[in-house]
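Understanding the architecture of this molecule
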Amino acid sequence: MTGVTPREETETGNEISHFILDEITKDVGPGGRMEGLTVHTRFPPEPNGYLHIGHAKAIVIDFGTAEIFNGLCNVRMDDTNPEKEDVEYVEAIKEDVHWLGYDWGDRFYYASDYFEEVYQQAEELIEKDLAFVCEQTPEEMRIARGTLTTPGTESPWRYRPKEESLDLFRRMRAGEFPDGTYTLRAKIDMTSGNINLRDPVLYRIQHATHDRTGDDWCIYPMYDFAHPIGDAIECITHSLCSLEFEDHRPLYDWVIGNCSVPSKPRQIEFARLNINYTVMSKRKLRQLVEEGLVDGWDDPRLPTLSGLRRRGYTPRAIRDFCERNGVSKVDSMVDIKFLEHCLREDLNNRAPRAMAVLDPIKLTITNYPEGKSEIFLVDSMPNNPEAGKHEVTFSRHLLIERDDFMIDPPKKYYRFFPGNKVRLRGSYIVECTGYNTDESGEIIEVLAEYDPETSGGSAREGERIRGTIHWLDEMTAVKAEVRLYDNLFTVENPDASELDYHELLNPDSLTVIENAYVEPWLKEDRSHIGYQFMRTGYFIHDCHDTTDEKLVFNRSVALRDSYNPDK
RNA sequence: UGGGAUGUAGCCAAGUGGUAAGGCACGGGACUUUGACUCCCGCAUUCGCAGGUUCAAAUCCUGCCAUCCCAGCCA
């Protein structure tokens, strides 16, 4: 038979090629160690926090790899430590994986599903004289483990008769001993340069109620023991994980090799994702949430999937980002600008356009009759006529962006200034004739005259209008709150800083604009993945705070802006 | 004086003995009823460093340097 040839493209259209695919191709191909097997991967989160974009990379690799080989990918909650885990997170994790666009079918599992089988394997190991019950205290064990440069020393309990270990282990399970008094340890090699092989703990006593198994157990297996067995039981062919597990692989292989399991999965490691100006560790994210420095796990400034979702990121943009970053073993730090690029690219093709004025100033069309009003039809997406059109109303009193007017502009400023003509997108070309100030000299109104012959915004024959400005009809505009976001941290790598992370927080990461205005249809419309407010960025309704009475928009990402007055 | 990995542009990243892909960022230009989008152009005489093998080296060999991970009864 011939080997399975990986598909070269994903749904997002990216050509995927990396070393893991190469390895798997060899494994399942002719003469490979898994010749002819269906590729089967798994995504194994610990339910102790919310998923972030680093997990998205893992999900894209786990599910994407299975997809490429026409295989399967399971989801398995790694719930072997009841003290740290909570069911609260399970549903959130499911939602995030689905939201990203992946489906595990009927293969949603828990490591705890296998507690009985894992236990049986432990007994078998004891009988094979490959594991023993140890009575060292945590402190004694730490000392006996040795250091990075000196070998460890064997536990005094290492050579106790296996019958005794078996009896003790059963009594551990029966709940006869308090936490910390006994452990089950693998009998490997206390002199190994790889500390994971210095008789690692396989089981510890923990009188804790488990979310799924309740009080059935008072001993729980360690990750290094439960994980390979879980993989093998599910007949996972390739167990893909991050780099820090690289030196656990010999132990993974030891467990697979010495236990009676139905398959022999292969672990392959890849570098986890880092992005500058943010943090990715669950610990730090939790801290930000618990200290109230952000508005919950789904704060739009956070790199959590729920935060990105609320910010207006699309699953497609995130998948695209992960795929285009590639997969390698190099510790890397990806530029957040690339993430933003992926979002803009997706939204540019799919988000309808609207006009919104974030910082309004009045514009009065002095030669347009008071009380008169007309309706213009504008393309919802100029680059895609099939997206249709929508109405905008025009009248004497309009709103424009405050920085679209200057009394004394620099060169190449194409917007409003006395004497200049600009196009009010979709309606008319107008000439700025002046402005009014209040007692303090503050500009409160811009004045202009419209040219009736430019209806729809088309210029007169031979005339070139450089500036096109967005605007709203004061009569029909709807008030909205708009939230602008910037990086949460002021430094590229907060983790590497010696300063306390509180000092690294960007004080301007959130800007709330209370009195912005938007086109009225945005009050009802919720049918789109996001909107482009022309010339200002991509926005989405805030899913928490938008109500029937109040509109709240989050800026997902600003538009690129090449305007540079200094040039 | 341990073990495991990794070094290709500002950031990702292809490349597997035949003469440095691509993307992001950046700079320039064209187009434009979004200073957006799109489109062109530019952006590593050199692959951590030093030797060596070869007609030919980012790719092979030797030595060195730098960075990351590991001493939880966490995952």
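Scroll up a little and you will see the structure.
Here goes a summary of the coordinates provided. Keep in mind the model is a prediction, meaning the values are calculated, not measured. (Residues numbered from 1 in each chain as written. Chains lettered and ligands numbered in written order. Predicted model: local features only at pLDDT ≥ 70, side-chain atom pairs only at ≥ 80, totals over all residues. Heavy atoms only, no water.)

**Remarks on the overall build of chain A**
- What chain A contains, in helices and strands, is 12 helices and 25 strands.
- In summary, chain A has a C-alpha radius of gyration of 31 Å against a globular reference of 24 Å for 567 residues, an excess of more than 25%.
- Expressed as lengths along the three principal axes of its C-alpha atoms, the size of chain A is roughly 100 × 60 × 45 Å.
- Sequence separation of at least 24 residues holds for 70% of the intrachain contacts in chain A that already meet a minimum separation of 6.
- When the accessible surface of chain A is totalled, it reaches about 25800 Å², and 48% of it is carbon and sulfur.
- One finds the centroid of the 66 positive side-chain charges in chain A at a distance of 3 Å from the centroid of its 103 negative side-chain charges. (Helix = DSSP H or I, 4+ residues; strand = E, 2+ residues; numbered from the N terminus. Rg over C-alpha atoms; globule rule 2.2 N^0.38 Å. Contact = heavy atoms within 4.5 Å. Areas by Shrake-Rupley, 256 points an atom, 1.4 Å probe, with all protein chains shown as cover. Lys, Arg positive; Asp, Glu negative; His and termini not counted. Charge placed at Lys NZ, Arg CZ, Asp CG, Glu CD.)

**Quick notes on the pairing of strand S13 (residues 373–379)**
- A one-sided burial pattern is seen for S13, the buried positions being Glu374, Phe376 and Val378 and the unburied ones Ser373, Ile375, Leu377 and Asp379.
- Sheet topology places S13 next to strand S14 (residues 389–395); 7 bridges connect them, and they run antiparallel. Bridge assignment links Ile375 to a residue of S14, and that residue is Thr393. (Buried < 20%, exposed > 50% of the residue type's maximum accessible area, 1.4 Å probe, protein only. Pairing = 2+ DSSP bridges.)

**Comments concerning the protein's contact with RNA strand B**
- Taken together, 68 residues lie around RNA strand B, and Ser328, Arg353, Gly456, Gln532 and Arg535 are the ones closest in.
- Protein-proximal atoms of RNA strand B, defined as those within 4 Å of the protein, fall in sugar or phosphate at a share of 61%.
- In the environment of RNA strand B, a sugar or linking oxygen lies 3.2 Å from a nitrogen or oxygen atom belonging to the side chain of Asp78.
- Among the secondary structure elements, those contributing two or more residues to the surface near RNA strand B are helix H5 (138–144), strand S6 (201–205), helix H11 (315–325) and helix H12 (336–350).
- Element by element, the count of residues in the surface near RNA strand B is highest for H12, at 4 residues. (Near = heavy atom within 4 Å. Polar contact = N/O pair within 3.5 Å; in protein donor to acceptor, adjacent residues only side chain to side chain.)

**Notes on the sheet that holds strand S25 (residues 552–557)**
- Strand order in the open sheet formed by 7 strands is S10-S23-S24-S25-S21-S22-S11, and the pairing between neighbours is mixed. Across the chains shown, the open sheet's two edge strands, defined by having one partner strand only, are strand S10 (353–354) and strand S11 (356–357).
- Two elements, strand S21 (residues 478–485) and strand S22 (residues 510–518), share 7 bridges in a ladder whose sense is antiparallel. In the sheet register, Leu484 faces S22, and the bridge partner there is Thr511.
- Sitting on the sheet, H12 touches S10, strand S24 (537–541) and S25, and the angle it makes with S25 is about 115°. (Axes fitted to C-alpha atoms, helices over the stretch in contact; angles between N-to-C directions.)

**Thoughts on the packing of aromatic side chains**
- Per the counting criterion, the structure on display carries 27 aromatic pairs.
- Measuring from ring centre to ring centre gives 5.5 Å for Phe108 and Tyr110, while their planes differ by 80°; the resulting arrangement is edge-to-face.
- The exposure class of Phe108 is buried, given its relative accessible area of 15%.
- For Tyr110, a relative accessible area of 12% gives the class buried.
- Three or more aromatic residues link up through ring pairs in this structure, and these residues are Phe115, Tyr119, Phe169, Tyr203, Trp217, Tyr220 and Phe225.
- Here Arg212 stacks its cationic end above the ring of Tyr110, 3.5 Å away from the centre of that ring. (Phe/Tyr/Trp six-rings, centres within 6.5 Å; stacked < 30°, edge-to-face > 60°. Lys NZ or Arg CZ within 6 Å of the ring centre and 35° of its normal.)

**A few points about the sheet that holds strand S1 (residues 40–43)**
- If you walk across this open sheet you meet the 3 strands as S1-S2-S3, and the pairing is parallel. The open sheet has two edge strands, S1 and strand S3 (108–110), and neither has a second partner. Each strand axis lies, on average, 35° off the axis of its neighbour in the sheet, ignoring direction.
- Sheet contacts for helix H2 (residues 53–68): S1 and strand S2 (72–77); angle to S1, the most-contacted strand, approximately 160°.
- Contacts between helix H3 (residues 88–100) and the sheet are confined to S1, S2 and S3, with S3 contributing the most and set at about 150° to the helix.

**Some words on the environment of Pro303**
- As for its position among the elements, Pro303 is in the loop between helix H9 (282–290) and helix H10 (305–311).
- Once the C-alpha coordinates of Pro303 and Lys26 are considered, the two residues, 277 residues apart in sequence, prove to be 35 Å apart.
- Setting aside chain neighbours within four positions, we find Pro303 in contact with His52, Ile53, Thr278, Val279, Met280, Leu285 and Leu308.

**So, the nonpolar core**
- Ile53, Phe63, Val97, Leu288, Ile318 and Phe321 are the most contacted members of the largest nonpolar core, which has 69 residues in total.
- Looking at this core element by element, the count peaks at 9 residues for H2.
- If sequence neighbours within four positions are ignored, Ile53 has contacts with Leu273, Ile275, Met280, Pro303, Leu305, Leu308, Ile318, Phe321 and Leu339.
- Counting 34 residues, the second largest nonpolar core, distinct from the first, contains Phe169, Phe177, Ile256 and Cys259. (Core = buried A, V, L, I, M, F, W, Y, C linked by side-chain atoms within 4.5 Å.)

**Quick notes on the side chain of Arg353**
- Position of Arg353 relative to the elements: it lies in strand S10.
- There is no salt bridge for the buried Arg353, and the closest opposite charge comes from Asp346, which lies 10 Å off by N-O distance.
- In this structure the side chain of Arg353 is engaged in a polar contact, spanning 2.9 Å, whose partner is the backbone oxygen of Asn348.
- Apart from the residues within four sequence positions on either side, Arg353 is in contact with Leu347, Asn348, Ser380, Met381, Pro382, Asn383, His390, Trp521, Gln532, Met534 and Tyr538. (Salt bridge = Lys/Arg side-chain N within 4 Å of Asp/Glu carboxyl O.)

**Topic: the environment of Ser192**
- Relative to the elements of secondary structure, Ser192 occurs in the loop between strand S5 (183–186) and S6.
- For Ser192, a relative accessible area of 12% gives the class buried.
- When the C-alpha positions of Ser192 and Met280 are compared, they lie 32 Å apart, and in sequence the two are 88 residues distant.
- Ignoring sequence-local partners within four residues, the contact set of Ser192 consists of Leu197 and Arg198.
- A polar side-chain atom of Ser192 sits 3.0 Å from the main-chain amide nitrogen of Asn194.

**Brief notes about the packing of H11 against H12**
- At a minimum axis distance of 9 Å, the contact between H11 and H12 shows a crossing angle of 135°. One way to sum up the angle between H11 and H12 is to call them oblique. For H11 against H12, the interelement crossing comes out right-handed. In contact with Arg316, Ala317, Asp320, Phe321, Arg324 and Asn325 of H11, H12 contributes Phe338, Leu339, His341, Cys342, Leu343, Glu345, Asp346 and Arg350.
- A breakdown of the residues in the contact of H11 with H12 according to their chemical character gives 6 nonpolar, 2 polar and 6 charged. (Parallel < 35°, antiparallel > 145°, perpendicular 65-115°, else oblique. Left-handed = near helix turned anticlockwise from the far one by under 90°. Nonpolar A, V, L, I, M, F, W, Y, C, P; charged D, E, K, R; others polar.)

**What to know about the layout of surface pockets**
- By volume, the second largest pocket amounts to about 940 Å³.
- Taken together, 29 residues line the second largest pocket, and the ones lying closest to its centre are Arg415, Arg535, Arg560, Asp561 and Tyr563. (1 Å grid on protein atoms, 1.4 Å probe; cavity = no way out; pocket = protein on both sides within 12 Å on 5 of 7 lines; lining within 4 Å. Points joined across faces, edges and corners; volume = space filled by probe spheres on them.)

**Brief notes about a negative patch on the surface**
- Taken together, the side chains of Glu290, Glu291, Asp500 and Glu503 present a region of like negative charge at the surface.
- Structurally, Glu503 is set in the loop between S21 and S22. (Patch = residues over 30% accessible without salt bridge, like charges linked within 9 Å, V, L, I, M, F, W, Y side chains within 5 Å.)

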